[in-house]
Amino acid sequence: MTTKLKDLFDTFLNIAASSQKLGINLIRVAILIIFVWIGGLKFWNYEAEGIVPFVANSPFMSFFYAKSAPEYKEYKLKEGEFNEAKHQWHVENNTYIFSHGLGIMIMAIGILTFLGIFSPKIGLVGAGLAIIMTIGTLSFLVTTPEVWVPDLGSGEHGFPLLTGAGRLVIKDTAIIAGAIVVLSDCAQRILKKK
C-alpha cells in the first residue's frame, strides 16, 4: 500500500471510529420514524384489521379482543377493501379501539427513545420499552400461523418460508439490536454522571 493510500485509509478509519455517537443517535431517529409511522397507521382501519391474526393468537394480547381465534379468519379484509358485515364484526371485536391504544403506546415508545439524545434517563425508559415491545413482536413467529407460508400444494411451505406478514415481523431483530445499543448508551451516560 502506498503512503498516500495508507494515509487516506487511516483518515477513513479515524472518521469511522469517531462516528459511533452519530450512529447511536441515528438509531434513535430510525426508531422514532418507524415507531411513529407504524403507531400512526394503527388509526387506519386497514392496519387495525391487519394485526388481528397477531393479537388474536397471542397468549399475551388476545384478551383485548371480544372474539377468539380463529373466528377472525372469516372476517379478513384485503387492504383497502370495505365490507359492512366484516367491518361490524371488527367493531364488536374491539379491533379498532385496541389498535388505537396500541398505536399511542408505540408512538410514545418511539418518542421516549428519541428523547434519549437529550435525557439518558428518558431514553433508557424508551429503549427498555422498545426491547420489550420487539420481543413481543418476535413472539408472533411462534404464535401466529399467518407468518409462515401455508401448504397450498407447491411443496414450499412452513419454516423458514415467511409470508409478507412474517417478513414484517422478522425485521424487528434489527430494531431490538438497535434498542439494545441505545439502552447501553443511555446506561453509560447515566453512570458517568454518578
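Our structure is the block above this text.
Presented here is an overview of the structure given in this document. As the structure is a prediction and not an experimental result, all values here were calculated from the model.

## Side note on unusual backbone geometry
Thought 1: Across the junction of Ala69 and Pro70, the peptide omega takes the value 5 degrees, indicating a cis bond.
Thought 2: Its place among the elements puts Pro70 in the loop between helix H4 (52-57) and helix H5 (84-93).
Thought 3: Of note, the amide linkage connecting Phe159 to Pro160 takes the cis form, showing an omega dihedral of 0 degrees.
Thought 4: You can see Pro160 is positioned in the loop between helix H8 (140-143) and helix H9 (164-170).
Thought 5: A positive phi angle, near 75 degrees, is found at Asn94, a position not held by glycine.
Thought 6: For Asn94, a relative accessible area of 29% translates into the label partly exposed.

## Observations concerning the packing of helix H2 (residues 20-41) against helix H6 (residues 95-114)
Thought 1: Where H2 contacts H6, the axes come no closer than 8 Å and their chain directions differ by 165 degrees. Judged on the interaxial angle alone, H6 and H2 are roughly antiparallel. In this structure, H2 meets H6 at a crossing whose hand is left-handed. Here H2 contributes Arg28, Val29, Ile31, Leu32, Phe35, Val36, Gly39 and Gly40 to the contact with H6, which in turn contributes Gly103, Ile106, Met107, Ile109, Gly110, Ile111, Thr113 and Phe114.
Thought 2: In the contact of H2 with H6, the residues fall into 10 nonpolar, five polar and one charged.

Here is what the cut-offs are and how they apply
Residues numbered from 1 in each chain as written. Predicted model: local features only at pLDDT ≥ 70, side-chain atom pairs only at ≥ 80, totals over all residues. Heavy atoms only, no water. Helix = DSSP H or I, 4+ residues; strand = E, 2+ residues; numbered from the N terminus. Buried < 20%, exposed > 50% of the residue type's maximum accessible area, 1.4 Å probe, protein only. Axes fitted to C-alpha atoms, helices over the stretch in contact; angles between N-to-C directions. Parallel < 35°, antiparallel > 145°, perpendicular 65-115°, else oblique. Left-handed = near helix turned anticlockwise from the far one by under 90°. Contact = heavy atoms within 4.5 Å. Nonpolar A, V, L, I, M, F, W, Y, C, P; charged D, E, K, R; others polar.

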